[in-house]
Amino acid sequence: EVTETRLLDAAAEQFAKRGLTGTRVREIALAAGVSPATLYIYFRSKTALYQAVLDRGLQPVAGILDAIDRDRGGADLAGLVEDLLRHLAAHPSLSRLIYVEAISEGPFLAHLARTWIGPLLERMTEMVRNGPAADEWPDEELPLLTASILQVVFGPFALAALLQETSGTDPLAPDALQRQTRFLLDYFEHLFPQPNPGAA
């Protein structure tokens, strides 16, 4: 399990820099401190490893979003948002990899869209439609809204190096992550406000 985790971590970092086609198996193996032959014990191909990296990173995101949907802005929303940012901060290559795959129109773009990003966007759309602020968002604006949520959640991690260059501060530092957590809490509370039971 330790070796598999090292391979996944190393692969995520390499794939986020060069994409699937630009990354060589020996580069991943070297970064993980194993031989290429060892890599093939755990993953039958570079493509299988790439899919495993995506699925490992996005499965918890989907689970946290499901929990946020069930919570509907309740008492545990802060904890769920903290869980989301903690996961993305622990795997910053995941956000970069999503952007690289999208920009390069990589071979896993369809898998990424159908298996993960599409369902996430659909869930967020339903959360808005079923929420108390639904009347504020016409149907034609919902795709723009959900796309903006995607950017707000993943963007700071995918663009961390650029943001550090422009601001001079590390967006992945603990204090920056605390600010991002507070911002996302406010953001989600505005998008999915709690219904007021005392309202007429």
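These notes cover the structure that comes with them. (Residues numbered from 1 in each chain as written. Predicted model: local features only at pLDDT ≥ 70, side-chain atom pairs only at ≥ 80, totals over all residues. Heavy atoms only, no water.)

**Describing the packing of aromatic side chains**
- Evaluation of the coordinates by the stated rule reveals four aromatic pairs.
- Centre to centre, the rings of Phe-15 and Tyr-50 are 4.8 Å apart; their planes meet at 80 degrees, and the pair counts as edge-to-face. Of the two residues, Phe-15 is situated in helix H1 (residues 2–22) and Tyr-50 in helix H4 (residues 46–71); the sequence distance between them amounts to 35 residues. As far as burial versus exposure is concerned, Phe-15 and Tyr-50 are alike and both buried.
- Within the aromatic cluster, the residues linked to one another by ring pairs are Phe-15, Tyr-50 and Phe-108. (Phe/Tyr/Trp six-rings, centres within 6.5 Å; stacked < 30°, edge-to-face > 60°. Helix = DSSP H or I, 4+ residues; strand = E, 2+ residues; numbered from the N terminus. Buried < 20%, exposed > 50% of the residue type's maximum accessible area, 1.4 Å probe, protein only.)

**Some details on the environment of Val-25**
- The topology assignment puts Val-25 in helix H2 (residues 25–32).
- The sequence separation of Val-25 and Leu-49 amounts to 24 residues, and the corresponding C-alpha distance is 9.7 Å.
- Beyond its immediate sequence surroundings of up to four residues, Val-25 is in contact with Pro-36, Leu-39, Tyr-40 and Lys-46. (Contact = heavy atoms within 4.5 Å.)

**Digging into unusual backbone geometry**
- Its identity is not glycine, yet Glu-105 carries a phi of approximately 50 degrees, on the positive side.
- Tracing the backbone shows Glu-105 in the loop between helix H6 (92–104) and helix H7 (109–129).
- Residue class for Glu-105 comes out exposed when judged on its relative accessible area of 64%.

**Here we look at the pattern of salt bridges**
- In this structure the tally under the stated criterion is six salt bridges.
- Where Arg-86 meets Asp-83, a salt bridge forms, and the shortest distance between an N and an O atom there is 2.8 Å. With a gap of three residues between them, Arg-86 and Asp-83 both fall in helix H5 (residues 77–90), about one helical turn apart.
- Asp-83 gets classed as partly exposed once you look at its relative accessible area, which sits at 34%.
- Ionic pairing is found between Arg-179 and Asp-175, a salt bridge with its closest N-O pair at 3.7 Å. Residue Arg-179 and its partner Asp-175 are both found in helix H10 (residues 174–191); the two are separated by four residues, about one turn of the helix.
- For Arg-179, a relative accessible area of 43% translates into the label partly exposed.
- You can call Asp-175 partly exposed: its relative accessible area is 44%. (Salt bridge = Lys/Arg side-chain N within 4 Å of Asp/Glu carboxyl O.)

Purely geometric stuff here, so don't read any function into it on its own.
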